[in-house]
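In case you want the letters, here they are:
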Amino acid sequence: MLLLKLNQNHIQSAKFKCDTDFLNLSDNYMRQEIIDIQQALSQKIIGKNHQLKLAITCLLANGHLLIEDLPGMGKTTLSHALSQVFGLQYSRIQFTSDLLPSDMLGVNIFHSHETDETKRFSFRHGPIFSQVVLADELNRASPKTQSSLLEAMEERQVSIDGVTYALPSPFFVIATQNPSYQSGTYPLPESQLDRFFMRISLGYPAWEAEKAMLMQTNISSPLPQILDEKDLHAMQNEVKNIHTSDAILHYVLRLVSESRDNSDYPNPLSPRASRAILQGAKAWAFVAGREYATPEDVQAVFVAITAHRLTAASHHLSHSQQTSGNDGEKLSKNLLNSVDPLAA
Amino acid sequence: MTRNINAGLAKFNIYNTFVNQPRAMALLLLCLSFSSILFTLTAPLMTWVLVLGSCAVMARIVGLSSTHSLPTLRTVNLLAILAVFALTWFGFSIGLLDSMINLLAVACSLKVMVVDKKRDFNLLICTCLFLIGCGFISSLSVFAWFGYTVILAFLLISTAMYHGAGISLKKNIKFVSILILQAAPIALLFFLLIPQLPPLWQMPTSKSTETGLSDKVTPGDIASLATSSELAFSATFESDDVIPAPAYRYWRAMTLEHFDGKTWSISDKRKQAEQQLAIMNKPTPLSALESSNAGTVIPYEIIVEPTQQTWLFALAPSTPDNSTNSIYVSGLFDYTLRANTPISSKKAFYLRYFPNAPISNSIGNFETQLNLDVSTNGNEKTRAWGVQLAQQYGSAQEIVMAVMTEFKNGGFRYTLSPNAMPTDPIDQFLFEERSGFCAHYAGAMVYTLRSAGVPARMVTGYQGGSSLNERVLQIRQYDAHAWVEALIDGVWLRYDPTSMVAPSRLTFGLEQALEELGESRNTNILDGLEKSAFFAAVQTWFQQLDYSWSKWVLGFDNAAQTSMLEDLLGTITPEKMRAVFLSALGLIGLILAFYFLPISKRESLPYSYRIMLKAVKLVELHTGIKREHKTLSDYRYDVSPVLNSEAAVAFDQVCELFERENYAIPDTEKHTELVMKEALNTLKKAIK
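Residues numbered from 1 in each chain as written. Chains lettered and ligands numbered in written order. Predicted model: local features only at pLDDT ≥ 70, side-chain atom pairs only at ≥ 80, totals over all residues. Heavy atoms only, no water.

- Looking at an unreviewed UniProt entry, one finds chain B named DUF3488 domain-containing protein, with Alteromonas gracilis as its source organism.

Structure (structure tokens):
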């Protein structure tokens, strides 16, 4: 039994190792603002430049981020740091199995202590009314609560007792999820996973990075604000205007249709996914300081955007399949390798 | 429950094996094709080769699901050594050609068990094609052609499946049928217009093939013949009113003038004489007949099944029309015809029949002496009877009639299964058994006539023939016959003693005669079936089809080609021939162009793509690093350390320009394509 556990631990550590093979050539060129942001963020999250860049890309593409990691890897730190750097309002919801939707969205409260004329209901805003929301351990909550969050993410508004409240404008949800084989989890259904623009995992830091982290003294000092809300809006608009030629659209279409034609992929990519790939490529091109997207941009974001969508639902897989790396990341890389970016 | 799951899994495995692994499916198809080829080659192949082949196919099919059950290389090698020994042992008895076919089949069977590389598979396919070629040696019928075409299609499909891994069976079948359809008109054009060249090598004659007739007749031979209903040849006339009546259809093949007391054979003296006369360049009586233009002439054509012999069958006297025959046919002094080379495949010959011309005594006294020679080896009673006949009657005519009358009234019986007559066969036949078939009667009559001083000889060939349609006669092996020619007043006259005993043999054919005599040609369970009208109609239809095939496809030789071209173009001049060949080649080229052009159109890429692909190919060739599915910048990163600096810069430029052209915001002012072309040229120079 002990042996088995040890073995399992080993596999887990292999899974979350620092993934250098994500590094792409286009990492070399970047916009100045992004370099500044990345440098600021890397004071808190050391040695994870690629993941930081993906997180920034996700924010610029106006999508929501899912981080799947073991506890203590810096998920909270990352979301907090992001809000600080962009000067955004931040709140954190810790999901537990008894969390109710109203705990998250807010409730109408009856003011009974007032005088008769002023007795009334007033809406108490829940923690979701925030520009950056960290939904911690999302898969520990009941499906009902999960879906109310995911609805809010998609609609960017909340309806309570027939009144609709708009959520703040840059609205960025960073959800974390414990690996699904841990006990006390309600796995997210594919339909809800699809709503997350990107999934990343930070993984263990490299030796040097962890040493640098241990040597840090001013851990709790907040990061300086580099950009503000307006800058973020402007950048998001610029991302929208990045040029995508027919060749790029065709490449995305070829990738998506390959996932649908080939029986190797149990969950083919949805149109929402293809839109996300294109959006991600645009944001990556913007980060790289280019006015147009290239196949490299698509490849850079492809695994992060599609891995969680291609994975077969976790309850379909046996335990060994989950841990042996027969997962979305592998499928995603296979898909990327089986399609020639340069075919006309 | 567990058992259920296991059964399910097993099913899934088989499904996986055949559907999800196109190679296994391809191998299965190949095995099936190979076994059907073996099935068609049962005649030349030895039994143990057939057993080996089917075992190999079984082993392969069983081994498709798991590689463990296949025989190891060591086992196959051992089998190969054993097979080589067996082949050398049996090879002497079956002849060179058959042992080569056996060798091919053995090699194929052994290879079937060890296919694991692409090369093995291709080798196997090629050998199977060769085996199909071998199949055509023994049978050229339309059915063989059809069957082999189907097998060929299967082989092509299995090749397509093997190489196009992952493409569905349906798509492969479609692909192969398109290929065949495209090839068909080209093949047809080649067949019609390319000169029909003679074979480059002579097929070694196979020992096991025996013909309906042989140049030796020991009474007993022809009985075994009569049981075979195989086609010997078919004769085509110009119209139905020139076809001779059944009783006059004597197809002469050879004259047997030498008798040693038991066996009739072609006389060695005549062979020598023929050779001497040929050296002296004396005109044969047939060539004289040709130039004399005596009486009516009936041209006809015979299509001879392969006999591996040179003799031909003709209504006597007939002259060959050598201007249209593909094999030169010479006439001999006894009015028989010989082809210059053995007939090893179905061949057509054009002949002219002179119904009114006599068969004369062409070499004079020599021929008379030859045919008066009486073997003194036994048969004393017959000789005595001959002498008695000579004393009794004055003229040769009367002697002949007396013998014929004796056969008619002497209580003789026609049978295909007479008792064996090992000693004094003619005495025994005439005075004891009194039952036999044509060779007995003809032999006895010739012997008696010679003893009585009348020159006579035995003639063998075919008698009769059934009409396929109003213009075509089919002569089968059971029509083989022997009759007598007696020299009376310088002319050889035909007498058929068999007609005295069984008159219906001549007019209605063998089957009718046997039926009347209470005997059957062969006891066959299909006999009842053969009588039904429907079966007869189907049989006739198939025979007609096969006949048309032999006439129009197999008979399409140089002469037929020339006449077809003449029909189309009038007289043939070298200019016209040249024009025809050029236009044929042009037409074939056009068909090919129609096939290839749409593809090149489909493949026409934007200019920038073509330049980029050229550059990438150049770099791939030079560096040996394949791009595969990498993006350009990744590939650049990989190859730039290997390239020299100038080439690296040029390649970078091509890549950047390509990127700008295809991904960036379109810019109408810049001529990216020209710059790309220049960069490509720089790259070409720099890389050398």
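So, next bit.
### Things to note about the overall build of chain A
Right, on to step 1. For chain A, the helix and strand inventory stands at 14 helices and 9 strands.
Right, on to step 2. Within chain A, the fraction of its 344 residues that count as buried is 51%.
Right, on to step 3. Residue pairs in contact within chain A that sit at least 24 positions apart in sequence constitute 79% of those at least 6 positions apart.
Right, on to step 4. For chain A, the computed accessible surface area is about 16,100 Å², with 51% contributed by carbon and sulfur atoms. (Helix = DSSP H or I, 4+ residues; strand = E, 2+ residues; numbered from the N terminus. Buried < 20%, exposed > 50% of the residue type's maximum accessible area, 1.4 Å probe, protein only. Contact = heavy atoms within 4.5 Å. Areas by Shrake-Rupley, 256 points an atom, 1.4 Å probe, with all protein chains shown as cover.)

### What about the environment of P418 of chain B?
Residue and element names in this part refer to chain B.
Right, on to step 1. Inspection of the secondary structure puts P418 in the loop between β13 (413–414) and α14 (425–433).
Right, on to step 2. C-alpha of P418 to C-alpha of S435: the two residues are 17 residues apart in sequence and 6.3 Å apart in space.
Right, on to step 3. With residues near it in sequence (within four places) discarded, P418 still touches S435, G436, F437 and H440.

### Some thoughts on the UniProt feature "transmembrane region" (unreviewed entry) in chain B
Residue and element names in this part refer to chain B.
Right, on to step 1. Here, UniProt's "transmembrane region" (unreviewed entry) annotation points to residues 24–41, 78–109, 121–139, 145–163, 175–194 and 579–597.
Right, on to step 2. Secondary structure content for residues 121–139 is 95% helix and 0% strand, and the end C-alpha separation is 27 Å.
Right, on to step 3. The span residues 175–194 carries 95% helix and 0% strand; its end-to-end C-alpha distance comes to 28 Å. (UniProt positions renumbered as here; feature names shortened; annotations may be inferred.)

### So, the pattern of salt bridges
Residues and elements named next belong to chain B.
Right, on to step 1. All told, the structure shown has 21 salt bridges over all chains when counted by the stated rule.
Right, on to step 2. Of the charged contacts in the structure, one is a salt bridge between E485 and R457, with a shortest N-O distance of 3.1 Å. Residue E485 is found in strand β18 (residues 480–488), and its partner R457 is found in strand β15 (residues 456–463); the two are separated by 28 residues along the sequence.
Right, on to step 3. By relative accessible area, which is 2% here, E485 ends up buried.
Right, on to step 4. Judged by relative accessible area, R457 falls into the buried class, the value being 0%. (Salt bridge = Lys/Arg side-chain N within 4 Å of Asp/Glu carboxyl O.)

### Let's talk about the interface of chain B and chain A
Right, on to step 1. Between chain B and chain A, the residue contacts involve 20 residues of the former and 21 residues of the latter.
Right, on to step 2. With both chains or domains summed, chain B and chain A bury close to 1,700 Å², and 62% of this area falls on carbon and sulfur atoms.
Right, on to step 3. On the chain B side of the interface with chain A, the three residues burying the most area are H629, T631 and Y663 of chain B, jointly 41% of the side's total.
Right, on to step 4. Joining chain B to chain A, the criterion identifies 1 salt bridge.
Right, on to step 5. D340 of chain A is the partner of R627 of chain B in a salt bridge, and the nearest nitrogen-oxygen pair spans 2.7 Å. (Buried area = accessible area lost by both parts, 1.4 Å probe.)

### Focus on the sheet that holds strand β1 (residues 65–68) of chain A
Sheets are built from strands that pair by backbone hydrogen bonding, the pairs being arranged parallel or antiparallel.
Residue and element names in this part refer to chain A.
Right, on to step 1. Spatially, 5 strands are ordered β2-β5-β8-β1-β9 in an open sheet, and the strand pairing comes out parallel. Sheet topology places β2 (90–94) and β9 (198–200) at the edges, where each strand pairs with a single neighbour. Recorded for the sheet is a direction-independent mean angle of 20° between the axes of neighbouring strands.
Right, on to step 2. For strand β5 (residues 132–136) and strand β8 (residues 172–177), the ladder comprises 4 bridges, and the chain directions are parallel. Paired with V133 across the strands is V173, a residue of β8.
Right, on to step 3. Of the strands in this sheet, β1, β8 and β9 touch helix α3 (residues 49–60), which is tilted by about 160° from β9. (Pairing = 2+ DSSP bridges. Axes fitted to C-alpha atoms, helices over the stretch in contact; angles between N-to-C directions.)

### Let's talk about helix α13 (residues 396–409) of chain B
Residue and element names in this part refer to chain B.
Right, on to step 1. Its 14 residues give α13 an end-to-end C-alpha distance of 20 Å, which sits within 8% of 20 Å, the value for a rise of 1.5 Å per residue.
Right, on to step 2. Buried within α13 we find I399, V400, A402, V403, M404 and F407.
Right, on to step 3. In this fold, the buried residues of α13 make contact with α12 (380–392), α14, α15 (438–451), β18, β19 (491–495) and α16 (497–501).
Right, on to step 4. Among the residues trailing α13, G411 stands out with phi positive, at a value near 75°. (Expected span 1.5 Å × (residues − 1).)

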